[in-house]
Amino acid sequence: MAIHRQSDSPGAEGLQRRLDAAHAALLRVHKTIIDHERTRYERARGSLSGPLEFLQLVLHDPWFAWLRPISELIAQIDAFTMSREPTEPQQGEAVLKQARDLLAPSESGSAFAREYSRAMQESPDVAIAHGQWRRAVELQ
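**Considering the pattern of salt bridges**
- The tally for this structure, following the rule as stated, stands at eleven salt bridges.
- The closest approach of N and O atoms between Lys31 and Asp35, which form a salt bridge, is 2.7 Å. One end of the pair, Lys31, and the other, Asp35, are both in helix α1 (residues 10-45), four residues apart, so they sit about a helical turn from each other.
- Using a relative accessible area of 51% as the deciding quantity, one classes Lys31 as exposed.

**Here's the deal with the nonpolar core**
- Of all hydrophobic cores here, the largest spans 37 residues; its most connected members are Leu26, Val29, Phe64, Ile70, Leu103, Tyr116 and Trp133.
- The biggest single contributor to this core is α1, with ten residues.
- Residue contacts for Tyr116: discarding those within four places in its chain leaves Val29, Ile33, Trp66, Leu103, Pro105, Val126 and His130.

**Some words on the packing of helix α3 (residues 68-82) against helix α4 (residues 89-102)**
- Interaxial distance between α3 and α4 falls to 11 Å at its minimum, and their mutual angle equals 165°. One element, α3, and the other, α4, form an angle in the roughly antiparallel class. You can see that α3 and α4 cross each other, and the crossing is left-handed. Across the interface between the two elements, Pro69, Ile70, Leu73, Gln76, Ile77 and Phe80 from α3 touch Gln91, Gly92, Val95, Gln98, Ala99 and Leu102 from α4.

**Overview of a nonpolar patch on the surface**
- Together, Leu52, Leu55 and Leu59 line one region of the surface with nonpolar side chains, adding up to about 290 Å² of accessible area.
- Within the fold, Leu55 resides in helix α2 (residues 51-60).
- Given a relative accessible area of 42%, Leu55 falls into the partly exposed group.

**Comments concerning the packing of aromatic side chains**
- If you walk through the whole model with that rule in mind, you get five aromatic pairs.
- Taken together, a centroid distance of 5.7 Å and an interplanar angle of 85° make the contact between Phe54 and Phe64 edge-to-face. Of the two residues, Phe54 is situated in helix α2 and Phe64 in the loop between α2 and α3; the sequence distance between them amounts to ten residues. Per residue, the accessibility class of Phe54 equals that of Phe64, and both read buried.
- With a centroid separation of 5.4 Å and 25° between ring planes, the pair formed by Phe112 and Tyr116 is classed as stacked.

Each value, and the rule that gives it
- Residues numbered from 1 in each chain as written.
- Predicted model: local features only at pLDDT ≥ 70, side-chain atom pairs only at ≥ 80, totals over all residues.
- Heavy atoms only, no water.
- Salt bridge = Lys/Arg side-chain N within 4 Å of Asp/Glu carboxyl O.
- Helix = DSSP H or I, 4+ residues; strand = E, 2+ residues; numbered from the N terminus.
- Buried < 20%, exposed > 50% of the residue type's maximum accessible area, 1.4 Å probe, protein only.
- Core = buried A, V, L, I, M, F, W, Y, C linked by side-chain atoms within 4.5 Å.
- Contact = heavy atoms within 4.5 Å.
- Axes fitted to C-alpha atoms, helices over the stretch in contact; angles between N-to-C directions.
- Parallel < 35°, antiparallel > 145°, perpendicular 65-115°, else oblique.
- Left-handed = near helix turned anticlockwise from the far one by under 90°.
- Patch = residues over 30% accessible without salt bridge, like charges linked within 9 Å, V, L, I, M, F, W, Y side chains within 5 Å.
- Areas by Shrake-Rupley, 256 points an atom, 1.4 Å probe, with all protein chains shown as cover.
- Phe/Tyr/Trp six-rings, centres within 6.5 Å; stacked < 30°, edge-to-face > 60°.

Structural data, given as structure tokens:
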């Protein structure tokens, strides 16, 4: 990924590293949650016929709707870092803040925060991925 920026300041390079680390950690969290939710779904509703059926469910079934904010955030980071237009560092910082705000599990928060909290409590793998995410964004 490369940030196209108006100036080649040292801060822009640091922002690039932070966005790359956040993106990689978000992808791990996303995959771990998807795997956990597939297992839950199949326990409740039966086995799926294959990856295409699963993809359709992730995209359209209400069971998986709560995952859309993290998917959209990953796409936002991709769009920001791949932009051919000059971008402002403040935009990148805003995306990172949005990521930190979104991945804040809470039993009394938004629908995503509540479901994320539940997934973390149910799955050690999700909790581990969350811990890796926190370390990735805090160490930058």
